[in-house]
Each structure stands twice: as C-alpha cells, then as structure tokens.
Amino acid sequence: MNKQFKSKSQFALALSEFKRSRRGIVCLAILGILYFGAIFADFIAPYTYDSEARDYSYASLSKVHFVDENGRFSWPFVRELSFNFDEYHKRTYVEKDNTKCYFHLFNKGDAYKLLGLLKTDRHLFGVDSPGRLYIMGADVRGRDIFSRLIYGARISLSIGLIGVSISFTLGLLIGGVAGYYGGKIDNIIMRLCEMFMMVPGFYLMLALRSAVPDSFNSFQVYLAIVVILSFIGWASLARIIRGMSITLREREYVLAAKAAGVSDLKIIIRHILPHTVSYSIVAIMLSIPGYILGEAALSLIGLGIQDPIASWGNMLSDAMAIAHIQMHPWILMPGFMIFLTVICFNVVGDTLRDCLDPLLRGEVDGA
Amino acid sequence: MVPKIIKIQNLIVSVKQGEQSKNIVDKVSLSIAENSIVGLVGGSGSGKTTIGLSIIRLLAAALKIDGGEILFEGYNLLTYSGSKMREIRGKKIGMVFQEPLYAFNPVFRVGEQINEVLRFHTRLDVNKRKAKVLELIDMVGLPYPDKIYENYPHQLSGGMRQRAMIAQAIATEPKLLIADEPTSNLDVTVQAKIIELFQDLNKKLNLSILLITHDLGVVSHLCDSIAVMTNGKIVETGKTDEVMRSPKDKYTEALLSCS
C-alpha cells in the first residue's frame, strides 16, 4: 500500500523524449564542444589570434612527419618552410631539410591568462619554434586559421546568446505588457513593433551600425553589434507573446492573483510569461542562428568586428575573391563552422519543439 | 446595532451596448455585519458575482461602476487608487472562486502559490512563511500539509483544491471573505464539509463571509442573513430563518419552491 508513484515534471518528460532523438543529441554535443572550445580558446589554440608569421602567408596544412630522413619512426615533427614564387606570383612552399620542430602536448607558447585568472603559457598542443603548425592552413598574414577559428567562436557564438537574451527579455516583457493591458497601450506597442518589422532587417542593421561612432574600440563595437542585433529581433517575438498573453490574461488564476492583490507586473512575470515558455525555448533556439549570421554578415562586409580580432564573419571576408578560394580553399573553414553551428541550433530547436509539444508527442488525442 | 464590516449603498454597475447602457446591478444596497455570514442568492445572470467583483474592483473591462458607494471599514473603496486597492485585495478582503482548478496557476506548486500571497502582503521571512503556509493547509483540514505543499494543482481533487483556495484566501487573515459559488462544482458530501469549514473559520478567525450562491440549501445551513437577487435588484433581505419560513417576495417564493 505504501507504493509511491513519482510523477515526472514537464521538464523531465521533455528531457527523456529529447534523449531518444539521436539527431538532437548529436547536434547538442557538437554545440557543447564548440562552446567548450570557445571558453578555453587560449588553451586549445596553439597560437593566439594575432600571432603572425609573414613568411608563412597562405601556407597550406602542415605536413606532419612520423618518419625521419633515415627511414626510422620518430616522434612526430614538422619542418620549417621556405618559399619561391611560381609564374603567377603565387608562393610555393618547400620544406627545409634538416629542420625538425617536434610536436608536443602541453607545449610552451604565447603567454595568456586562462579564464582571465590563471597566468600560463601552456597550450594543449604545438610544435617547437621556429616551426609553425597549421592544422587548417594559414591566412594571408600567416596566422593559424584553426586558432583564429577557436578565438572567433568566442565572438560568433557569444553574440547569439547575448543577443537572444536581450531581445527575448525585451520581447517577452513588451509583448506581455501589450497583451495584458490591451486597448491603447496594446495598440501603440503593436504599431511600434510593426514599424520595426517593416524595415528589412539587413538594412536596419546597416543603418543602426552607421550610427556607431568610428572611435569605438573593438569591445565597444562588439557591444554595439549585440545591441543592434537584439534591437531587430524583439518585435516579431513581442507580437506572438502578445497574442498568447491576450488568451492567458482571461484565465481564472490571473483573476485569482489579482484578487490576492498581486501587482500587474508580477502577474505578467509569474502567471503569464511562464505559460509561454515552451514556445519561447524553441523560438530562442531557432533565432540564435539569425544573430550568428547577422554578425557574420556585418563582419563580412567590414562593418563588424575588425581585424586583428577574429570572428567567423571577418575571417570569411578573406574568401570573397574566387581566386583566393581556388588557391587556398582552407580559408572557407569559418563558413563551414557557421554552417555547422546554424544547422545544429536548428536541429536542436526542432527536436525541442517536438519534445515540448504534448500533441506531437502523441500523448494527447486530438493532434 | 452590530457594526458593519462592509456597506454597499445604491451600487450601479452598467454595461455598454453600443449607444445604450444597461444596468446589470441596479441601485443595490447590502451590508454585512461584523463576524457574520451573509448569503447572496439569485439565479444565473442576476448580478450577484458582479457585486462580489465590484467590492474588490476587479470587474471586466466592459463593466463600469456608475454610482453608489462601497464602504469598507468606513472608507469608500470606489475612491481608492490602484495601488491602494491592491493593499486591500488579498490582505483585508479575500476571495474564493467557483472553479478552484482554474484559480490556481497550473505551473506552480500549490504551496508556492499560497506562499506568494504572504510574500506580497507580509514581512515574514522564508522559513516563517513556509511554516505559516503549512499551518494554513492544516487549518483548512487538508491531510499531510507538507505533501500538499509540494503538489501541483492538478494532483489534488476538487474538494482539496477548494480547501487550498480557501487557505490562500485566508492566508493574510482578511476581515472579509467573498466566496463566489464555492460549493457549486463539488458533490454533496464535500459541500457539507466545506460548509463546516466556513463555519469554523467564521468562529475561529472572526471572519465575515459574503457567500454568493444559487444554492438555498447551502445558505440555509450556513448564513445568518440572506439577500435575494434577481435582474440586478435585491428583492428581499432578512434573517435566514424568516426568509426561509415566510418569504415576502414572489421570486423568493419561486426560488424556495424549487429547492
């Protein structure tokens, strides 16, 4: 008789459902790895984002040798490179004989502060200087593309999260207020939203960007871009939340909360917005790619993050000429990373939607 | 004369239909003596719920109070500002609704929602609030308070939810409780227990209760006096026994003959 039935919360149900989707798990894992890499970028990247080596401009992927000149197995090493020009003035790299730069785990390299706290100069892997290890090739100034990708992830991935949190806070609150009060307030807020939605996003972005002073340093520019991007996103969300809020405000528990003397803002936050959460979570996941792409687009045309700070967008701006792509195809890597991230966010968002919706889950009749 | 906790005088509530406006509550006067239970009886659409909501000023947007006054402890509630009104609601006047399932927010635990009222209206700290909530749950006769505290609204039965709702309404020890059809959706045995609970609370907490219902059975068991309403007007008031035994108005007679 003492048998206990433990009920699962909505969240636990959704989680167990999510675990059953292989696609979702894989994509979530990829995102996890990307974010992990972005956080520990200083440690994982063999070089810093601005570590230049002009003699290695557009050097291709480093050849790692496992066999030395005597034909014996050896600890992996790379050789230094020298270059000649071919008939098109393109550099061709030749390995210098008798130079061995051994590969090391926890290699000594440029000094940095891990997570801004721990001062160290160890990197996850690297080769003895003066050799350079390029596992994804080098860019025009001989900077390691792999390292820059990881540093760029910091900007490209964080901009999505911060942007989304700002615009969703705005959208939820403004939509909630509009729907809850209705009448004139609703009318004014909705017309304002429509004004924002009326201007095509990209042009609004450009217009707002041109309002940012040139004297800003890179961090300020970063903040400005986050604000610009989140400023564009809130309006469409506010409209949907407003619609939900209109139906939710007629619920009896809202009246009950009013009768208990709860203030309007608290009612909106406690009793209306929590009911939009399953929609919001999905919408957040599906709109993060928009911010990543927005930043990439701005940086691509040179209005975003400025060199030498790396972001996936400004790294891609190198790849705008077809000749470059043809000769050094590895400069397209940031494009691939953007593609991967956007796909992953979309798949995770889709999977979440399937998990959070009881109708799709097939537990409730009437789907 | 017994002092009155609330005095409604010539209250007019109207709804606009295009150009015309129609009085839903038409010059109603009603008063509740301190520490008494008053039943407001009438058919559907007679305006009894509207009176209840007028007292705490939570009428739907379409309805407007066009005249009269509502004196609570000597002050006219109709002149109060929004923030002052919020002080009254929940703190001095509690309300219990007909359908307790919808009156609780389904996404929060029952205990949290009772707790919330205390958080807004009192200065108790976290531990004291929780203790008080458990005490309240116990007071309204629910078993295993700490389990009920952790439950979600849908995990309770109708009667239990109604008790939890009452616990929420009396959390801040209000002077007046407005109970809008509190027993209509419950079966008869549960009804009887809720009636007992109301009587109990009335004695223990010196709580005045305005019971809005169409069920004369409940009223006859519970109320000290009774007001009968139809078409937005109060047609008869008096002590419960007297009205029950010798109704003066035709509508009251008709109502009595039905039950």
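Keep in mind that what you see is a predicted model, and the values were worked out from it rather than measured.

Trainee: Would you explain helix 4 (residues 145-181) of chain A in this entry?
Mentor: What sets the pattern is the α-helix's 3.6 residues per turn: residues three or four places apart point alike. Residues and elements named next belong to chain A. Taking 1.5 Å of rise per residue, the 37 residues of helix 4 would be expected to cover 54 Å, and the 53 Å separating its terminal C-alpha atoms lies within 8% of that figure. Along helix 4, the sharpest kink reaches roughly 30°, centred on glycine 152. Where helix 4 begins, the side chain of aspartate 144 points an oxygen toward the backbone nitrogen of phenylalanine 146, at a separation of 3.3 Å. The first or second residue beyond helix 4 is glycine 182, which carries a positive phi of 65°.

Trainee: Whenever I open this one, the environment of histidine 121 of chain B confuses me. Can you help?
Mentor: Tracing the chain through its elements places histidine 121 of chain B in helix 4 (residues 110-121). Linking histidine 121 of chain B and leucine 71 of chain B, residues 50 residues apart in sequence, is a C-alpha distance of 22 Å. Discounting chain neighbours no more than four positions away, the residues touching histidine 121 of chain B are Ala260 and Gly261 of chain A together with Arg86, Glu87, Arg89, Gly90, Lys91 and Thr172 of chain B. Polar side-chain contacts of histidine 121 of chain B include one of 3.3 Å to the backbone oxygen of arginine 89 of chain B.

Trainee: Explain helix 11 (residues 250-258) of chain B to me, please; I cannot follow it from the model alone.
Mentor: Residues and elements named next belong to chain B. Restricting attention to buried positions, one finds in helix 11 the residues Thr252, Leu255 and Leu256. Taken around the axis of helix 11, the buried residues stretch over an arc of 100°, which confines them to a single face. Exposed side of helix 11, more than 90 degrees from the buried face: Lys250, Ser257 and Cys258 are the residues found there. One side-chain oxygen of the residue at the start of helix 11 lies 2.8 Å from the amide nitrogen of tyrosine 251, identifying that residue as aspartate 249.

Trainee: Could you clarify how one ought to interpret the domain arrangement of chain A in this entry?
Mentor: The accessible area lost on association of the parts is a frequent measure of interface size. Residue and element names in this part refer to chain A. Here the domain parsing of chain A yields domain 1 (54-143) and domain 2 (148-361). One C-alpha centre belongs to domain 1, the other to domain 2; they are set 39 Å apart. Contact with domain 1, which involves twelve residues of that partner, is made by eleven residues of domain 2. By the criterion of area lost to domain 2, the three top residues of domain 1 are Tyr58, Met136 and Arg143, representing 58% of everything that side buries. Arginine 148 is the partner of aspartate 139 in a salt bridge, and the nearest nitrogen-oxygen pair spans 3.6 Å. Joining domain 1 to domain 2, the criterion identifies four residue pairs in polar contact (both at pLDDT 80 or more). Broken down by class, the residue content of the side of domain 1 that touches domain 2 amounts to six nonpolar, two polar and four charged.

Trainee: What's the story with the packing of aromatic side chains in this structure? I'm lost.
Mentor: Remark: the centre distance and the inter-plane angle together describe each pair of aromatic rings, the angle taken between the planes. Summed over the entire model, instances satisfying the criterion amount to 15 aromatic pairs over all chains. Each ring, one from tyrosine 180 of chain A and one from tyrosine 181 of chain A, has its centre 5.2 Å from the other, and the planes form 80°; the classification is edge-to-face. Residue classification places tyrosine 180 of chain A among the buried residues on the basis of a relative accessible area of 8%. On the basis of relative accessible area, tyrosine 181 of chain A is assigned to the partly exposed category, the value being 38%. Grouping aromatic residues by their ring pairs yields a cluster made of Phe83, Phe85 and Tyr93 of chain A. Between lysine 84 of chain B and the ring centre of tyrosine 80 of chain B, over which it is positioned, the NZ or CZ distance is 4.6 Å. Stacked on the ring of tyrosine 144 of chain B, the Lys or Arg lysine 147 of chain B has its end atom at 5.4 Å from the ring centre.

Trainee: Can you help me understand the sheet that holds strand 5 (residues 75-76) of chain B in this one?
Mentor: Sheet strands line up and pair through hydrogen bonds in the backbone, either parallel or antiparallel. Residue and element names in this part refer to chain B. On the basis of which strands lie adjacent, the open sheet formed by four strands has the order 2-1-4-5 and antiparallel pairing. The sheet terminates laterally at strand 2 (20-33) and strand 5, the two strands that pair on one side only. Strand direction decides the pairing type here: strand 1 (residues 4-17) and strand 4 (residues 63-72), joined by eight bridges, are antiparallel. The residue of strand 4 that forms the bridge with isoleucine 8 is isoleucine 70.

Trainee: So what exactly am I meant to see when it comes to the nonpolar core here?
Mentor: The tendency in soluble globular proteins is for nonpolar side chains to be buried side by side. Counting 80 residues, the largest nonpolar core has Leu77, Ile93, Ile166, Ile178 and Leu210 of chain B as its most contacted members. The dominant element in this core, judged by the number of residues it contributes, is strand 1 of chain B, at six residues. For leucine 210 of chain B, the residues in contact, after removing those within four places along its chain, are Leu30, Ile32, Val38, Leu40, Ile55, Leu176, Leu177, Ile178 and Ala179 of chain B. Counting 66 residues, the second largest nonpolar core, distinct from the first, contains Leu31, Val226, Ile305 and Trp330 of chain A.

Calculation notes
- Residue positions within a chain follow its written sequence, with the count starting from 1.
- Labels are handed out in written order, letters beginning with A for the chains and numbers beginning with 1 for the ligands.
- Residues qualify for local features only when their pLDDT is at least 70, as the model is predicted, and side-chain atom pairs are given and counted only at 80 or more; totals for whole chains, interfaces and linings, by contrast, use all residues.
- Excluded from the side-chain calculation are hydrogens and water; included are all heavy atoms of the structure.
- Working definition: helices are DSSP H or I runs of at least four residues, strands are E runs of at least two. Numbering for both runs from the N terminus.
- Take the residue count of a helix, subtract one, and multiply by 1.5 Å to get its expected span.
- What is called the bend at a residue is the angle between a pair of axes, fitted to the seven residues leading up to and ending at it and to the seven starting from it.
- Pairs of N or O atoms are called polar contacts if they sit within 3.5 Å, as long as, within protein, a hydrogen donor faces a hydrogen acceptor (for residues adjacent in sequence, only side-chain-to-side-chain pairs).
- We call two residues in contact whenever any of their non-hydrogen atoms come within 4.5 Å of each other.
- Exposure is judged per residue with a 1.4 Å probe applied to protein chains only, and the accessible area is read against the type maximum: over 50% gives exposed, under 20% gives buried, and values in between give partly exposed.
- An arc is given here, and it is the one of the directions from the helix axis to the C-beta atoms.
- Domain delimitation in this document rests on an assignment produced automatically or drawn from a domain database.
- A simple way to read buried area is as the amount of 1.4 Å-probe accessible surface that goes missing from two parts once joined, with both sides added.
- Whenever Lys or Arg places a side-chain nitrogen within 4 Å of a carboxyl oxygen from Asp or Glu, that contact is recorded as a salt bridge.
- Each residue is assigned to one of three groups, with Ala, Val, Leu, Ile, Met, Phe, Trp, Tyr, Cys and Pro labelled nonpolar, Asp, Glu, Lys and Arg labelled charged, and all others, Gly among them, labelled polar.
- Note on aromatic pairs: the rings of Phe, Tyr and Trp (six-membered ring only in Trp) are paired at centre separations within 6.5 Å, and the planes decide the class, stacked below 30 degrees, edge-to-face beyond 60, tilted for the rest.
- Definition used: whenever NZ (Lys) or CZ (Arg) falls within 6 Å of the ring centre and also within 35 degrees of the ring normal, the charge is taken to sit over that ring.
- Note on pairing: DSSP must find at least two bridges between two strands before they are called paired.
- As used in this record, nonpolar core signifies buried Ala, Val, Leu, Ile, Met, Phe, Trp, Tyr and Cys residues forming a set joined through side-chain atoms within 4.5 Å.

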